[in-house]
Amino acid sequence: MEKQKRRLLRKLDRSRRSTNPNNFKKDGTIKHGVKLHWTYSKNYQKTKEQVKELYRKKASYIKEKHGALANKILSLGDEVYIETMHFKGLAKRAKETKTTIQGKIQSKKRFGKSIGNHAPAMLVEIINQKLGYTKQTIQKVNTITFRASQYNHVTDRYEKKKLHQRWRQIGSHLVQRDLYSAFLLMNSDPNLQQTNQDLCNKTFTTFLELHNQHIEDLKQVKKTFPLSMGIQQIK
């Protein structure tokens, strides 16, 4: 669907430029500071309807897949813990202009496209709705005090990691960052302000067995995984 959407949007842009040549500057950008009159062809209107239908299909597809994923998650248990996330904030472009060491301007794009394609807020809403049938609700931990991506239950210290570092050294074991964060969330205190170190010590051996088994299973799958999983780093 994403490829088809890009093709249709390019078609719309070509049509708009063809029927409104006086509304664009020589460099191809739209003129500003003057009131512009836009003319749209019948083919443009037809293509625009195709784009709207594609967006509808995409939204329906995502909702259907999220419903199936929510059922799979809830089949594992009725206590669901997540970190409070501001998805709209992650989708917005960065305001500050930054440059690299070489002097090139960094892109201000963040995670808008990825969030738009995967709709994580919708998944959270569906899970919470399904939990409501049994008078349960999603447990949201405080990310300011919890900091699951930084805490090490062996050393009982917070260790900052860069975003590209997908593996962590916990004691004598190397564990995947996101799976370990989920392990810490599972062992949170009732107040959801921090993880419980005693619970972590009791359940870490079981977690490690399941973790290693899961990673080995993933390595056997002939599939390209997102770089954020870090599976390529251990092959």
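Here the residue numbers are simple positions, counted from 1 along each chain's written sequence. Local features in a predicted model are, by the rule used here, given only for residues with pLDDT of at least 70; side-chain atom pairs are given and counted only at 80 or more, and totals for whole chains, interfaces and linings are based on all residues. Calculation of side-chain values draws on the structure's entire complement of heavy atoms; hydrogens and water are dropped beforehand.

Visitor: Residues and numbers for the overall build of the protein chain, please.
Guide: Here a helix means four or more residues in a row that DSSP labels H or I, a strand means two or more in a row labelled E, and each is numbered from the N terminus. Secondary structure summary: the protein chain contains eight helices and six strands in total. In the protein chain, the order of α-helices and β-strands from amino to carboxyl end is α-α-β-α-α-α-β-α-β-β-β-β-α-α. Atoms counted for the radius of gyration: C-alpha only. Globule rule: 2.2 Å times the number of residues to the power 0.38. Computed over the C-alpha atoms, the radius of gyration of the protein chain is 23 Å, more than 25% above the 18 Å expected from 2.2 N^0.38 for a compact globule of 235 residues. Judged by the C-alpha coordinates and their principal axes, the protein chain covers about 70 × 50 × 40 Å. Whether a residue is buried, partly exposed or exposed follows from its accessible area with a 1.4 Å probe, protein chains only, as a fraction of its type maximum: under 20%, in between, or over 50%, in that order. Residue burial in the protein chain is summarised as follows: out of 235 residues, 26% are buried.

Visitor: Explain the confidence of the model for the protein chain to me, and be specific about the residues and the numbers.
Guide: pLDDT expresses, on a scale from 0 to 100, how confident the predictor is about each individual residue. Averaged over the protein chain, the pLDDT score is 87; the fraction of residues at 70 or greater is 92%. Considering each helix and strand of the protein chain separately, the mean pLDDT is smallest for helix α3 (residues 87-91), with a value of 70, and largest for helix α2 (residues 42-74), with 95.

Visitor: Describe in detail the nonpolar core, supporting the description with residues and values.
Guide: Throughout this description, the term nonpolar core refers to a set of buried Ala, Val, Leu, Ile, Met, Phe, Trp, Tyr and Cys residues connected via side-chain atoms within 4.5 Å. The biggest cluster of nonpolar side chains holds 15 residues, and the ones touching the most others in it are F146, V175, Y180, F183, L184, F204 and F207. Elements that contribute at least two residues to this core include exactly α7 (177-186) and α8 (197-220). Every residue pair with non-hydrogen atoms within 4.5 Å of one another is taken to be in contact. Each residue touching F183, except ones within four places of it in the same chain, is listed here: H153, C200, T203, F204 and F207. Counting eight residues, the second-largest nonpolar core is a separate cluster that includes L123, I126, I127 and L131.

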